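So the chains spell out like this:
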Amino acid sequence: MSGHDEKRVAAGLKAAVHNPNVSEEAKERAQERLESMGTSADETSRNRGTNYPVGSTDEAGHETNRVLGGYKATLHNPRTSEEAKRHAREILEADGYQFERPEGVSEDEHQKRVNAGYKAALNNPRVSEEAKQHAREYLKEHGGL
């Protein structure tokens, strides 16, 4: 596929197949295209960067990806103790999380991506007003607004 990430294209096609607002004809075309790519809409979706299917739970019934997301948040929270950050890092490392920036990504590029995430949050109707306010404050502090 020229210029497109096959994984993202497949994810979009899978979403179309499962979207109740998409016509049956469009769902059939999406399914055919997925099959031509060597996949299907029934394959388990996975969150980027994790080994767990979306919605999978641990023995206590907690969504695994949300738990790991909480540990990631712990690392970046300035009000978290060093002991808690060390524990979070151990859990994430045991799960295969990498702390090093991918090769070829500069600090400027990293900051650009972080700012883009906060800007996206400002336009997302599912983000709380409190989180949007945090995003505005972060972007103001880091020259993103």
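Structural data are supplied above this passage.
Residues numbered from 1 in each chain as written. Predicted model: local features only at pLDDT ≥ 70, side-chain atom pairs only at ≥ 80, totals over all residues. Heavy atoms only, no water.

Colleague: Outline the packing of helix 5 (residues 107-122) against helix 6 (residues 129-141), listing residues and values.
Modeller: In the contact formed by helix 5 and helix 6, the axes pass within 9 Å of each other and the chain directions differ by 145 degrees. Taken as a pair, helix 5 and helix 6 cross one another with a handedness that is left-handed. When helix 5 is examined against helix 6, the residues Gln111, Val114, Asn115, Tyr118, Lys119, Ala121 and Leu122 are found in contact with a partner set consisting of Lys132, His134, Ala135, Arg136, Tyr138 and Leu139. For the contact of helix 5 with helix 6, a count of residues per class yields seven nonpolar, three polar and three charged. (Axes fitted to C-alpha atoms, helices over the stretch in contact; angles between N-to-C directions. Helix = DSSP H or I, 4+ residues; strand = E, 2+ residues; numbered from the N terminus. Left-handed = near helix turned anticlockwise from the far one by under 90°. Contact = heavy atoms within 4.5 Å. Nonpolar A, V, L, I, M, F, W, Y, C, P; charged D, E, K, R; others polar.)

Colleague: Which residues make up helix 4 (residues 82-94), and what are the values?
Modeller: An ideal rise of 1.5 Å per residue puts 18 Å on 13 residues; helix 4 measures up with 18 Å between its terminal C-alpha atoms. Looking at helix 4, one finds that the buried residues are Lys85, Ala88 and Leu92. Angularly, the buried residues of helix 4 cover 60 degrees about the axis, an arc narrow enough to put them on a single face. For helix 4, exposure combined with an orientation more than 90 degrees from the buried face picks out Glu83 and Ala94. Phi turns positive, to about 95 degrees, at Gly96, one or two residues after helix 4. (Expected span 1.5 Å × (residues − 1). Buried < 20%, exposed > 50% of the residue type's maximum accessible area, 1.4 Å probe, protein only. Arc of directions from axis to C-beta.)

Colleague: Could you give an account of the packing of helix 3 (residues 64-76) against helix 4, with specific residues and numbers?
Modeller: Interhelical geometry of helix 3 versus helix 4 gives an angle of 140 degrees and a closest axis separation of 9 Å. Between helix 3 and helix 4, the interaxial angle falls into the category oblique. Considering how the two elements wind past one another, helix 3 and helix 4 form a crossing that is left-handed. Contact residues: Leu68, Tyr71, Lys72, Thr74 and Leu75 in helix 3; Ala84, Lys85, His87, Ala88, Arg89, Ile91 and Leu92 in helix 4. Broken down by class, the residue content of the contact of helix 3 with helix 4 amounts to seven nonpolar, two polar and three charged. (Parallel < 35°, antiparallel > 145°, perpendicular 65-115°, else oblique.)

Colleague: Account for the nonpolar core, with residues named and values stated.
Modeller: Taken as a class, soluble globular proteins show a tendency for nonpolar side chains to be buried jointly. Of all hydrophobic cores here, the largest spans six residues; its members are Val9, Ala10, Leu13, Val17, Ala30 and Leu34. Where this core is concerned, the elements lending two or more residues are helix 1 (6-18) and helix 2 (24-36). If one sorts the elements of this core by residue count, helix 1 sits on top with four residues. The contact partners of Ala30, leaving out residues within four places of it in the chain, are Leu13, Ala16 and Val17. (Core = buried A, V, L, I, M, F, W, Y, C linked by side-chain atoms within 4.5 Å.)

Colleague: For the environment of Thr74, give the residues involved together with the corresponding values.
Modeller: Take Thr74: it is sitting in helix 3. Considering only alpha carbons, one finds Thr74 and Lys85, 11 residues apart in sequence, at a separation of 6.1 Å. Apart from the residues within four sequence positions on either side, Thr74 is in contact with Thr80, Ala84, Lys85 and Ala88.

Colleague: So what about the pattern of salt bridges? Which residues, and what values?
Modeller: By the definition in use, this model includes five salt bridges. Its salt-bridge partner being Glu129, residue Arg136 comes within 3.3 Å of it at the nearest N-O pair. Note on Glu129: relative accessible area 52%, which makes it exposed. (Salt bridge = Lys/Arg side-chain N within 4 Å of Asp/Glu carboxyl O.)

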